[in-house]
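# A closer look at the structure
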Amino acid sequence: DADGALREASVAMEIAERTGDRDLAAFAASEKGFALVVTGKVDEGLALIDDSIVAAIGGELGPSTAGGVCCTSIETCAALGEWSRAATWTEAQDRWCRREGINGYPGMCRLFRSEIKQFRGSWLEAEAEARQASVELEGFMPAATGTAFYRIAELRLLRGDLPAAEEALIRAHGLGIDPEPVMSLLKLAHGRVDAAADGIRGALERTRRSLSW
């Protein structure tokens, strides 16, 4: 309910202004920015998100609020394909964490950070984030845990560690995650070209059917 989220975030911003609560103001602004992006007002939404994350990494907010703001900001940029912006904020959050003596933020936030670090070519750092996320999300969000293992599999495949990639992919699949396209890429790496092509065709067909509903 993006429109509902936008209304409630706007109310929260009004309350923050009335009470002078800087943490609430930044958190509400980031959530309103996300809702604006979802409803198609991308430039307006990103402007709010940028303002809120500047406050977060500038030390103006409490650590918990700052973490939530960073997570929302990075997730939004990644969803839009704004990789450069997402990477800039991820690196800024890393510097802020070191400065404040904070060991990152748990769960889904780690997954978003892992995605950006993978895109930037920092594969070992990305895998470390994904492994930690798999531990933090286990028993809490099975699908997200599966996504963490899928990312681990993808990163290990990129590094050429095929047995370890397959092990992680099996765990992801066991948690309900579609193993494609990494499964077919693994088959290709093993020289099973026809099987890899069949796997990709099947994945494309499943995607086509799901989009036709």
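Description of the structure in this document. The structure presented is a predicted model; accordingly, all values stated were derived computationally and were not measured. (Residues numbered from 1 in each chain as written. Predicted model: local features only at pLDDT ≥ 70, side-chain atom pairs only at ≥ 80, totals over all residues. Heavy atoms only, no water.)

## Here's the deal with the side chain of Ser73
Structurally, the position occupied by Ser73 is in helix α4 (residues 63–80). By relative accessible area, Ser73 is classed as buried at 0%. In this view, Ser73 contacts Ile49, Ser52 and Ile53; residues no more than four positions away in its chain are not counted. (Helix = DSSP H or I, 4+ residues; strand = E, 2+ residues; numbered from the N terminus. Buried < 20%, exposed > 50% of the residue type's maximum accessible area, 1.4 Å probe, protein only. Contact = heavy atoms within 4.5 Å.)

## Re the packing of aromatic side chains
This model, assessed by the stated rule, comprises one aromatic pair. Considering the side-chain rings of Trp83 and Phe119, the 4.7 Å spacing of their centres and the 20° angle between planes classify their relative orientation as stacked. Here the residue Trp83 occupies a position in helix α5 (residues 83–100), and Phe119 occupies one in helix α6 (residues 108–119), the gap between them amounting to 36 residues. Judged by relative accessible area, Trp83 falls into the partly exposed class, the value being 25%. (Phe/Tyr/Trp six-rings, centres within 6.5 Å; stacked < 30°, edge-to-face > 60°.)

## A few points about the packing of helix α3 (residues 42–57) against α5
Running from N to C, α3 and α5 cross one another at 20°; their axes reach a closest spacing of 10 Å. As far as their axial angle goes, α5 and α3 are roughly parallel. The handedness of the crossing between α3 and α5 comes out as left-handed. Where α3 abuts α5, its residues Leu46, Asp50, Ile53, Val54, Ala56 and Ile57 lie against Arg85, Trp89, Ala92, Gln93, Trp96 and Arg99. Of the residues assigned to the contact of α3 with α5, the class counts are eight nonpolar, one polar and three charged. (Axes fitted to C-alpha atoms, helices over the stretch in contact; angles between N-to-C directions. Parallel < 35°, antiparallel > 145°, perpendicular 65-115°, else oblique. Left-handed = near helix turned anticlockwise from the far one by under 90°. Nonpolar A, V, L, I, M, F, W, Y, C, P; charged D, E, K, R; others polar.)

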